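One letter stands for each residue in the lines below.
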Protein chains: 2
Amino acid sequence: MLNTLPEPDVIVVGAGFAGLAAADRLSAAGCRVVVLEAQQRVGGRVATVHLPDGTPVDLGGQWLGPQHARLHALAARLGAQVYPTPTDGHNLLYLGGQRHLFRGTVPLRLRPLTLGNLGWVLLRLHQLSQRVPLETPWEAAQAAAWDGCTLGAWLRRNAPDAGAFTLSRIALEAIFAAHPDELSLLHALFYLRAGGGLLHLVATGGGAQQDRIVGGMQTLAERLAQEVERRGSSVRLGTPVRQVRTEGDRVVVEGEAGAVRGGRAIIALPPSMAGELSWHPALPQDHAELLRRVPMGSVIKWAAAYEVPFWRARGLSGQAISDEGPVHMTFDASPPAGKPGLLVGFVEGPAARRLASWDPAQRRQEVLRCLVRLFGDQAGSPQQYVERVWSAEPWSRGGYAGLFPPGVWTQLGQALRRPEGLLHFAGTETATVWNGYIEGALQSGERAAEEVLTCRL
Amino acid sequence: MLNTLPEPDVIVVGAGFAGLAAADRLSAAGCRVVVLEAQQRVGGRVATVHLPDGTPVDLGGQWLGPQHARLHALAARLGAQVYPTPTDGHNLLYLGGQRHLFRGTVPLRLRPLTLGNLGWVLLRLHQLSQRVPLETPWEAAQAAAWDGCTLGAWLRRNAPDAGAFTLSRIALEAIFAAHPDELSLLHALFYLRAGGGLLHLVATGGGAQQDRIVGGMQTLAERLAQEVERRGSSVRLGTPVRQVRTEGDRVVVEGEAGAVRGGRAIIALPPSMAGELSWHPALPQDHAELLRRVPMGSVIKWAAAYEVPFWRARGLSGQAISDEGPVHMTFDASPPAGKPGLLVGFVEGPAARRLASWDPAQRRQEVLRCLVRLFGDQAGSPQQYVERVWSAEPWSRGGYAGLFPPGVWTQLGQALRRPEGLLHFAGTETATVWNGYIEGALQSGERAAEEVLTCRL
């Protein structure tokens, strides 16, 4: 039972990268921390499983980009090895029933009109996003108009060319795991800027998918948890939290396993999970409403393992973009030794919702059908196939991240990072850089820890 | 403890008008029903309080329109008396710092351009809304485009005249208790059509605010609960539900007070409250996501009581529209005898969020400041002042109703009324007529009851 724990200085709710980063910083500064995690593992939306032969497969957050300074520093500190996503060979573009080969991030052999329109969309999104202040998106000069319209409506206006529309939509769905109609244009611009721009976000070499962790990303979370415990703090698994109470100068965090009392608490959960906690006293109205108005994206991540990465012998990188779904993007995720060959990819947004209700065998068949279309018959018979339906995960309820529908940033955004008495808020959704990414989770955890340390001075 | 109850045929979760209407229909058909209600009262978003002199004041749903056939029939059956909202005297329009008098629903003495633009907005919303099928809004020919844009974006395009924009926005905020940017245009069109049109929704005489119930609307819910209990079924107050389990051919509904086992269950809660229940087995993905993606509007309702309705002697109806907030609309809600004089009104959407965090005295002062601007100094000194901040109500979390942000109707709308095994769904948000109103709640409860009865045949 929790009640037997010595009273900690800080209680952290959630052992994803945000919560662990906060616990790491605080325990290093001499605080006693208790981290409460609902699941039987740490990592949150980072989850590594193992194939029967021991091959680690990341079914959650997986990649490091060159700009992910915190994540790279963490990997170095914890002795984790980083290795690159292969970029040799041609990428595939499957468009209008035709397979094309290309290199780099943008397929350039498109119809001139399509290419021109695609260029306009990319340029315009880049320009507009530069005008969004990352700390205070609601203060953008055009915040009201941008937050009053959807990304989808903007895209329909700005991509009259059907090919440009389709490619833009595929890229945006891959970034947000949502239909562009579900989110505010202001949120999209903020998110793109926070992550260094759209091209950066969909790229491998030089981009957000550049590198991976040997052994799987979850090992990093596990090592971080060990660091925290080594310093005398503790990480309690299988301990869901239901209620957060402030009693005088103490916070009481309570769940089925009992209650912990501490000096301060850091809530390191996705907004929609935090919104289901019961708060005493109630959170200020705007903060409570914000937590209930930021739903998660919808995503299924799958991985297919083959004896070898057979596509490499054919001069292919394993990366593909397809206008026929439900799989619109794939990546080579083979381990460093190149054995087995591993393709991973996603089903996102509306398609993820549709496939979530299918039975797993049917879903597998549908994904493999897409792979055969891209990589030939051999892709249809993997040795292993694994997947995770993130929307069905009871402690995540979706992925990659929480998304702001229209009107939420401008009306409620000011509550996002606001401490409430003894309570502090972390989670990648509260990050000002790489929002929605592991890097953003780390930033948010460090920031929340600094808030606590500043209060204690 | 609930465990001691004899096993009912049907468990109804929630004793608002939806749940009570379902229990009424089922118990009349010979079923044994148990209604579980979290609060210590029935009525849900209908709530009557009493002033020290015994005057009933409706701080929740209050009005009946002439088209509310179910609600009128219910009032007649239960022997409740209906009396009209006064329409004698002039209505007030406060616009650009000037007070104007008018009669009817639309102030006609506006600048010709403003009036013309206002007419266009009303006509266009009416025309478009007629193309939304009430059972299946996602099948409207332009559903994708309408659900991909916000009502606010549409309004900015269609109301270039500042006065027309302001008046339209006031009317729409009064109807939805939300900023027009928060909701999908498709939802707005659906909702307007379901309620007989915008003009109907904001009108008193002939419109949705035409009549009231002597003694307060909650008395109707109480009498309905008595009817249900008289037939041997039971309504249990103070019984929050946390979990809904299906076990073979039985449903188990569980909360802190224990568990009830029954043949079927009707969930008669706002979507966002239902979304916080724990479901075993999990709801199908689209249904689960839908419940988490329909946030409530934000509204504060207040009532100020004066010795007499002093505005009547000055030839005023008590109805007012103001472009200066936070109070944009008021109504005369005095009891039939005309003593005390009662003004009621709302603070909606963004303003409701802002004022929700104020202390009550400060909020009262701000509301009274608005009333003085409209009705003179006398309005500043009521004998009594009461209010309800609906967003802060733990078992409603807002009002008047759940609102669909862009993308939700077209992607998830098909799950809205779908029974899931032994589970059925009611609540005004599931209604196809008068969605968001008491009338819609009644329709939804009756429909869910019919589903159960049909299954049992």
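Residues numbered from 1 in each chain as written. Chains lettered and ligands numbered in written order. Predicted model: local features only at pLDDT ≥ 70, side-chain atom pairs only at ≥ 80, totals over all residues.

Asks: Looking at this model, I keep getting lost on the overall build of chain A. Mind explaining?
Replies: Regarding its fold elements, chain A presents 16 helices and 20 strands. The C-alpha radius of gyration of chain A comes to 22 Å, within 12% of the 23 Å expected for a compact globule of 457 residues. Summarising its shape, the C-alpha atoms of chain A cover approximately 65 × 55 × 40 Å along the three principal directions. Counting only residues that meet the buried cut, chain A has 57% of its 457 residues in that class. Intrachain contacts of chain A at a sequence separation of at least 6 include 74% that bridge at least 24 residues. (Helix = DSSP H or I, 4+ residues; strand = E, 2+ residues; numbered from the N terminus. Rg over C-alpha atoms; globule rule 2.2 N^0.38 Å. Buried ≥ 20, exposed ≤ 12 C-beta atoms within 10 Å, placed from the backbone. Contact = placed C-beta atoms within 7 Å.)

Asks: Help me understand the domain arrangement of chain A, please; the structure alone is not making it clear to me.
Replies: Often, the extent of an interface is quoted as the loss of accessible area upon association of its parts. Residues and elements named next belong to chain A. What the domain assignment lists for chain A is domain 1 (2-45 + 217-294 + 404-456), domain 2 (48-88 + 207-215 + 297-392) and domain 3 (113-196). For domain 2 and domain 3, the distance between their C-alpha centres works out to 26 Å. In this assembly, 13 residues from domain 2 lie in contact with 10 residues from domain 3. Those elements giving two or more residues to the side of domain 2 that touches domain 3 turn out to be strand E18 (341-348) and helix H13 (349-356). Taken together, the residues of the side of domain 2 that touches domain 3 break down into six nonpolar, five polar and two charged. (Domains from an automatic or database assignment. Nonpolar A, V, L, I, M, F, W, Y, C, P; charged D, E, K, R; others polar.)

Asks: Can you help me understand the relation of the copies chain A and chain B in this one?
Replies: Both copies of the chain are placed relative to one another by a rotation about an axis and a shift along it. For the pair chain A and chain B, the best superposition has an RMSD of 0.0 Å and corresponds to a rotation of 180° with a translation of 0.0 Å parallel to the axis. When the rotation and shift are considered jointly, the pair of chain copies conforms to a two-fold rotation axis. The residues that chain A uses at the interface reappear at the interface of chain B in 100% of cases, marking a shared surface. (Least-squares fit on C-alpha atoms with pLDDT ≥ 70 in both.)

Asks: I keep staring at the sheet that holds strand E19 (residues 384-389) of chain A and nothing clicks. Help me out?
Replies: Pairing between the strands of a sheet is mediated by backbone hydrogen bonds and can be parallel or antiparallel. Residues and elements named next belong to chain A. Reading across the sheet, the seven strands line up as E7-E6-E16-E17-E18-E15-E19 and stay open at both edges, with mixed pairing between neighbours. The open sheet is flanked by strand E7 (98-102) and E19, the only strands paired with a single partner. Geometrically, the sheet is characterised by an average inter-axis angle of 20° between neighbouring strands, direction not taken into account. Of the strands in this sheet, strand E15 (299-306), E18 and E19 are in contact with H13, which crosses E18 at around 100°. (Pairing = 2+ DSSP bridges. Axes fitted to C-alpha atoms, helices over the stretch in contact; angles between N-to-C directions.)

Asks: Can you help me understand the nonpolar core in this one?
Replies: Burial of nonpolar side chains together is a common tendency in soluble globular proteins. Ala22(A), Ala265(A), Ala22(B) and Ala265(B) are the most contacted members of the largest nonpolar core, which has 288 residues in total. Excluding residues that lie within four positions of it along the chain, Ala22(B) makes contacts with Val12(B), Ile266(B), Ala268(B), Ala426(B), Gly445(B), Ala448(B) and Ala449(B). (Core = buried A, V, L, I, M, F, W, Y, C linked by C-beta atoms within 7 Å.)

Asks: Could you clarify how one ought to interpret the sheet that holds strand E6 (residues 90-95) of chain B in this entry?
Replies: Residues and elements named next belong to chain B. One open sheet holds the seven strands; their spatial order is E7-E6-E16-E17-E18-E15-E19, and the pairing between them is mixed. Across the chains shown, the open sheet's two edge strands, defined by having one partner strand only, are strand E7 (98-102) and strand E19 (384-389). Neighbour-to-neighbour, the strand axes of this sheet turn through a mean angle of 20°, independent of strand direction. Two elements, strand E15 (residues 299-306) and strand E18 (residues 341-348), share eight bridges in a ladder whose sense is antiparallel. By the bridge assignment, Ala304 is partnered in E18 with Leu343. Against the sheet, helix H13 (residues 349-356) contacts E15, E18 and E19, and its axis sits at roughly 100° relative to E18.

Asks: What should I look at first to understand unusual backbone geometry in this one?
Replies: Trans peptide bonds make up most of the peptide bonds, and negative phi angles are found at most residues other than glycine. Backbone torsion omega between Lys339(B) and Pro340(B) reads 0°, so that peptide bond is classified as cis. Of note, the amide linkage connecting Gly399(B) to Tyr400(B) takes the cis form, showing an omega dihedral of -5°. Counting through the fold element by element, Tyr400(B) comes out in the loop between E19 and helix H15 (408-412). The backbone phi angle of Trp434(A) is positive, close to 50°, even though this residue is not glycine. Among the structural elements, Trp434(A) can be located in the loop between strand E20 (423-425) and helix H16 (438-456).

Asks: Which parts of the structure should I look at to understand the environment of Ala426(A)?
Replies: Residue and element names in this part refer to chain A. Here Ala426 is to be found in the loop between E20 and H16. We classify Ala426 as buried; it has 31 C-beta atoms within 10 Å. For the pair Ala426 and Ile266, spaced 160 residues apart in sequence, the C-alpha to C-alpha distance is 6.7 Å. If sequence neighbours within four positions are ignored, Ala426 has contacts with Ala18, Gly19, Ala22, Ile266, Ala268, Ser444, Gly445 and Ala448.

Asks: Please explain the interface of chain A and chain B as it appears in this structure.
Replies: Facing 31 residues of chain A, the contacting portion of chain B comprises 31 residues. Of all the secondary-structure elements, those providing two or more residues to the side of chain A that touches chain B are helix H5 (151-158), helix H11 (285-292) and H13 of chain A. Broken down by element, the side of chain A that touches chain B gets its largest block of residues, four residues, from H11(A). Partitioning the side of chain A that touches chain B into residue classes produces 10 nonpolar, 11 polar and 10 charged.

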